[in-house]
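# Observations on the three-dimensional arrangement
So the chains spell out like this:
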Amino acid sequence: MNEPKVLVLGGTAEARDLASSLTEAGVGVLSSLAGRVSRPRLPVGPVRIGGFGGADGLAAYLHDGGFTHLVVATHPFATRMAENAREAAASVAVPVVRLARPGWEGHPDAGTWTWADGYDAARTAAEGLGERPFLTTGRQTLTHFAPWADRDVLVRVVEPLEAPPSRWTVVLDRGPYDVEGERVLMREHGIDVLLTKDSGGRYTEAKLTAARELGVRVVVVRRPASPAGMRELDDAAAVVRWVNDQG
Ligand code: NAP
């Protein structure tokens, strides 16, 4: 077989770690980013930025670029990209895996949180738990919280919002965060309920610890399902082994 050449669909810390691990293992890798943030953190090695134009576009890209492996290392909530990857990989017969960081369902405090199926359900649940929400579910989810335009909401996003409601306080930041910083932020704004999605990982976990310490209630949006039949690996070393075993 040809030398392995791996396309990593990224946009996460795990994808950056994977690009480093593959490079260290001497495996050719190209990382792909969606281009949603203006100054993305970049992985080592070559990077391309922007959509492929759906599953067909990705299939053509894999074929024309001579890629031997595809790794979906996008965020667990980036469902469209994962589904396109499954379809594209099947159509050009390129092996694919998903690098999926474990969720927070095994977190020691998980049983004390309110778990919601979707953002509207999370909003409704939070309304019953507190009056000063801290919204950390991401810019693309904010339309679900439009009914909160008339209340004080602390929102944390990576990129500026175009026209947030006047009563919302918008903090621009991106992880990793630490517990002390999260504690100060929540206390400063009198937060009594935190909304998050089940992103998993350590980068954004500190807010959960700070919430427990401050007695802030937590609402967690459950993860969407992975594409049917796609194999999942949970760390970079396992992906490197998978690439080498397939070679
Ligand atoms: P999505 O809804 O699954 O994907 C929407 C479209 O964006 C895809 O169809 C694809 O366009 C393009 N795209 C997504 N990821 C791409 C990548 N790595 N390389 C090239 N094109 C990509 O994704 P999303 O939720 O908008 O997330 C976009 C990016 O932000 C992802 O890379 C993800 O890892 C990162 N991110 C997402 C979240 C989140 O909560 N969703 C959080 C942190 C980081 P085409 O169809 O044109 O190929």
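This report concerns the structure included in the present document.

A count of helical and extended segments in the chain gives 7 helices and 12 strands. Since a compact globule built from 247 residues should have a radius of gyration of about 18 Å, the 19 Å found for the chain is in line with a globular shape. Counting only C-alpha atoms, the chain reaches 60 × 35 × 30 Å along its principal axes. Counting across all 247 residues of the chain, residues that qualify as buried make up 47%. Within the chain, contacts between residues at least 6 apart in sequence are counted, and of these 65% link residues at least 24 apart. Just so you have it, the chain exposes about 12,100 Å², and 48% of that area is on carbon and sulfur atoms. Here the chain contributes 28 positively and 31 negatively charged side chains, and the mean placements of these two sets differ by 2 Å.

Our focus in this paragraph is the site of the ligand. Near the ligand lie 24 residues; those nearest to it are Gly10, Ser32, Arg36, Phe52 and Lys197. For the ligand, an oxygen atom lies 2.7 Å from a polar atom in the backbone of Gly10. A distance of 2.7 Å separates a nitrogen atom of the ligand from a polar atom in the side chain of Ser32. In isolation the ligand exposes 810 Å². Once the protein is present, 82% of that is buried. Going through the elements one at a time, strand E2 (28–33) and helix H3 (79–92) are the ones with two or more residues in the shell around the ligand. Top element by residues in the shell around the ligand is H3. It accounts for 4 residues. A per-class count over the shell around the ligand returns 7 nonpolar, 13 polar and 4 charged.

Once that is clear, we can look at empty space enclosed by the protein. The tally for this structure, following the rule as stated, stands at 1 cavity of 30 Å³ or more. Approximately 50 Å³ is the volume attributed to the largest cavity.

Time to look at the environment of Pro224. The residue Pro224 is located in the loop between strand E11 (217–221) and strand E12 (232–233) in this model. Assessed through its relative accessible area of 30%, Pro224 is described here as partly exposed. Separated by 184 residues in the primary sequence, Pro224 and Pro40 have C-alpha atoms spaced 24 Å apart. Contact partners of Pro224, with chain neighbours within four places excluded, come to Pro76, Phe77 and Thr79.

Applying the stated criterion to the full structure yields 11 salt bridges. Its salt-bridge partner being Arg101, residue Glu14 comes within 3.1 Å of it at the nearest N-O pair. Of this pair, Glu14 sits in helix H1 (residues 13–24) while Arg101 sits in the loop between strand E5 (96–99) and strand E6 (114–116), placing them 87 residues apart in sequence. Across the pair Glu180 and Arg183 runs a salt bridge, and its minimum N-O distance is 2.2 Å. Of this pair, Glu180 and Arg183 are both found in helix H5 (residues 179–188), 3 residues apart, which corresponds to roughly one turn of the helix. Here the residues in one salt-bridge network are Asp120, Arg123 and Glu127, joined through shared partners.

What follows is about H3. Along an α-helix, residues three or four positions apart point the same way, because every turn accommodates 3.6 residues. Its 14 residues place the ends of H3 20 Å apart at the C-alpha level, agreeing with the 20 Å of an ideal helix rising 1.5 Å per residue. Listing the buried residues of H3 in full gives Ala82, Asn84, Ala85, Ala88 and Ala89. Axial view of H3: buried residues confined to an arc of 160°, hence all on one face. In H3, those exposed residues whose orientation departs by more than 90 degrees from the buried face are Arg80, Ala90 and Ser91. The secondary structure elements touched by the buried residues of H3 are strand E1 (5–9), helix H2 (54–64), strand E4 (69–72) and E5.

Further remarks concern the packing of aromatic side chains. Across all of its chains, the model carries 4 aromatic pairs by this definition. Ring centres of Phe52 and Tyr61 lie 5.1 Å apart, and the angle between their planes is 65°; this geometry places the pair in the edge-to-face category. For Phe52, a relative accessible area of 16% gives the class buried. Between Tyr61 and Phe67, the ring centres sit 5.9 Å apart and the planes meet at 15°, which makes this aromatic pair stacked. Note on Tyr61: relative accessible area 28%, which makes it partly exposed. Grouped by ring-pair contacts, the aromatic residues Phe52, Tyr61 and Phe67 constitute a single cluster.

The rules we used
Residues numbered from 1 in each chain as written. Predicted model: local features only at pLDDT ≥ 70, side-chain atom pairs only at ≥ 80, totals over all residues. Heavy atoms only, no water. Helix = DSSP H or I, 4+ residues; strand = E, 2+ residues; numbered from the N terminus. Rg over C-alpha atoms; globule rule 2.2 N^0.38 Å. Buried < 20%, exposed > 50% of the residue type's maximum accessible area, 1.4 Å probe, protein only. Contact = heavy atoms within 4.5 Å. Areas by Shrake-Rupley, 256 points an atom, 1.4 Å probe, with all protein chains shown as cover. Lys, Arg positive; Asp, Glu negative; His and termini not counted. Charge placed at Lys NZ, Arg CZ, Asp CG, Glu CD. Near = heavy atom within 4 Å. Polar contact = N/O pair within 3.5 Å; in protein donor to acceptor, adjacent residues only side chain to side chain. Nonpolar A, V, L, I, M, F, W, Y, C, P; charged D, E, K, R; others polar. 1 Å grid on protein atoms, 1.4 Å probe; cavity = no way out; pocket = protein on both sides within 12 Å on 5 of 7 lines; lining within 4 Å. Points joined across faces, edges and corners; volume = space filled by probe spheres on them. Salt bridge = Lys/Arg side-chain N within 4 Å of Asp/Glu carboxyl O. Expected span 1.5 Å × (residues − 1). Arc of directions from axis to C-beta. Phe/Tyr/Trp six-rings, centres within 6.5 Å; stacked < 30°, edge-to-face > 60°.

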